[in-house]
Amino acid sequence: MDEQTVITPDGRKIGVCVWGDPGGESIFWLHGTPGSRFLRHPDDGYVSRGLRVFTYDRPGYGRSTRLPGRRAAQVADDIRAIADAYELDHFGVAGVSGGGPGALAAAALLPGRVVRCAVVCGLAPFAADGLDFSAGMAEGERQEWRLAVQGAAALQPCWREFVEWVDVGMPGIAAGDRAMWIEAAYEAGRQGSSGYIDDLLSLVGEWGFALSAVEVPTRIMVARDDTSVPAAHGQWLVRRLPAAELITVDGGHLGPRDEPEMRLLAWLGHGTA
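Residues numbered from 1 in each chain as written. Predicted model: local features only at pLDDT ≥ 70, side-chain atom pairs only at ≥ 80, totals over all residues. Heavy atoms only, no water.

**Student:** If you had to explain helix 2 (residues 74-85) to someone new, which residues and values would you point to?
**Tutor:** For helix 2, built from twelve residues, the straight-helix expectation of 16 Å at 1.5 Å per residue is met to within 8% by its first-to-last C-alpha distance of 17 Å. Those residues of helix 2 lying buried are Gln74, Val75, Ala76, Asp78, Ile79, Ala81, Ile82 and Ala83. Packing partners of the buried residues in helix 2 comprise strand 1 (2-7), strand 2 (13-20), strand 3 (25-30), strand 4 (51-56), strand 5 (91-96) and helix 3 (100-109). (Helix = DSSP H or I, 4+ residues; strand = E, 2+ residues; numbered from the N terminus. Expected span 1.5 Å × (residues − 1). Buried < 20%, exposed > 50% of the residue type's maximum accessible area, 1.4 Å probe, protein only. Contact = heavy atoms within 4.5 Å.)

Structure, rendered in structure tokens:
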């Protein structure tokens, strides 16, 4: 793993990690909400598939400067800054859960550089026409979105619940992945709740780009038993993206699904060759 700090054109810091094969095909893997640059796949999967995987902290998480009022579209600016710093001409972009809208933003706003896009258990827009946003969600998830609409202060209890879950060892996460998830979660809270709150506020607002602009080949992965981001979200996205296909896997929002995700990332990398 190579760890660096990238400075954006507007002077912000972005914490970046690079995993896998240094000579491999370059892809970005965008963490969920909350999350950090330490969210990655275990063992040597990146190396065996010839992938050079970039992860980074969205603003307010980990080592990245906070950017209050950011929208999903802003992700494209930070990916551009990282790609420029590493002299990447072409790359794939994937996002999981709350990172999904950012992956779509990069595909829409960086034409000619993003060559393939993928979303894993990612959200549709909060005000999506023809979708009951909270249908199929567990009550705790419904409540989180109700509070997000009320603003930053209302979300503080949700953040405290997340911290408590991490402190007791994140039960529900597969044992083989738990150490990595805990590391990523603690890093997510380096600056307190700011990254998490800004993420949620950006997701209930306008994303700032048109889905019709995502013209690259795109794969949307949904989980059959997902009660955090129900499969209907991914199905809605596929119907509105110009070049998208749906992949359905077993399990819930947190998996485990390392192998299906690795196949998806290998597909992303293949498109950059």
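Still to come is the rest of the account.
**Student:** How would you explain the environment of Asp225 if you had to name every residue and give the values?
**Tutor:** By secondary structure assignment, the location of Asp225 is in the loop between strand 7 (218-223) and helix 8 (231-240). Non-local contacts of Asp225, meaning those with residues more than four positions away in its chain, are made with Gly251 and Gly252.

**Student:** I'd like a description of the pattern of salt bridges, backed by residues and values.
**Tutor:** Summed over the entire model, instances satisfying the criterion amount to 18 salt bridges. The partner of Asp10 in a salt bridge is Arg12, with the nearest N and O atoms 3.1 Å apart. Classification of Arg12 by relative accessible area gives buried; the value is 8%. As a salt-bridge pair, Asp250 and Arg224 come within 2.5 Å of each other at their nearest N and O atoms. Of this pair, Asp250 sits in the loop between strand 8 (244-249) and helix 9 (258-270) while Arg224 sits in the loop between strand 7 and helix 8, and the two are 26 residues apart along the sequence. (Salt bridge = Lys/Arg side-chain N within 4 Å of Asp/Glu carboxyl O.)

**Student:** Tell me about the sheet that holds strand 2, and please be specific about residues and values.
**Tutor:** Paired through backbone hydrogen bonds, the strands of a sheet run either parallel or antiparallel to each other. Strand order in this open sheet of eight strands is 1-2-4-3-5-6-7-8, and the pairing throughout is mixed. Strand pairing shows two members of the sheet lacking a second neighbour, strand 1 and strand 8, which therefore form its edges. Sheet twist, expressed as the average angle between the axes of neighbouring strands with direction ignored, equals 20 degrees. Across four bridges, the pairing between strand 3 and strand 4 is parallel. Counterpart to Ile27 in the pairing with strand 4 is Val53. (Pairing = 2+ DSSP bridges. Axes fitted to C-alpha atoms, helices over the stretch in contact; angles between N-to-C directions.)

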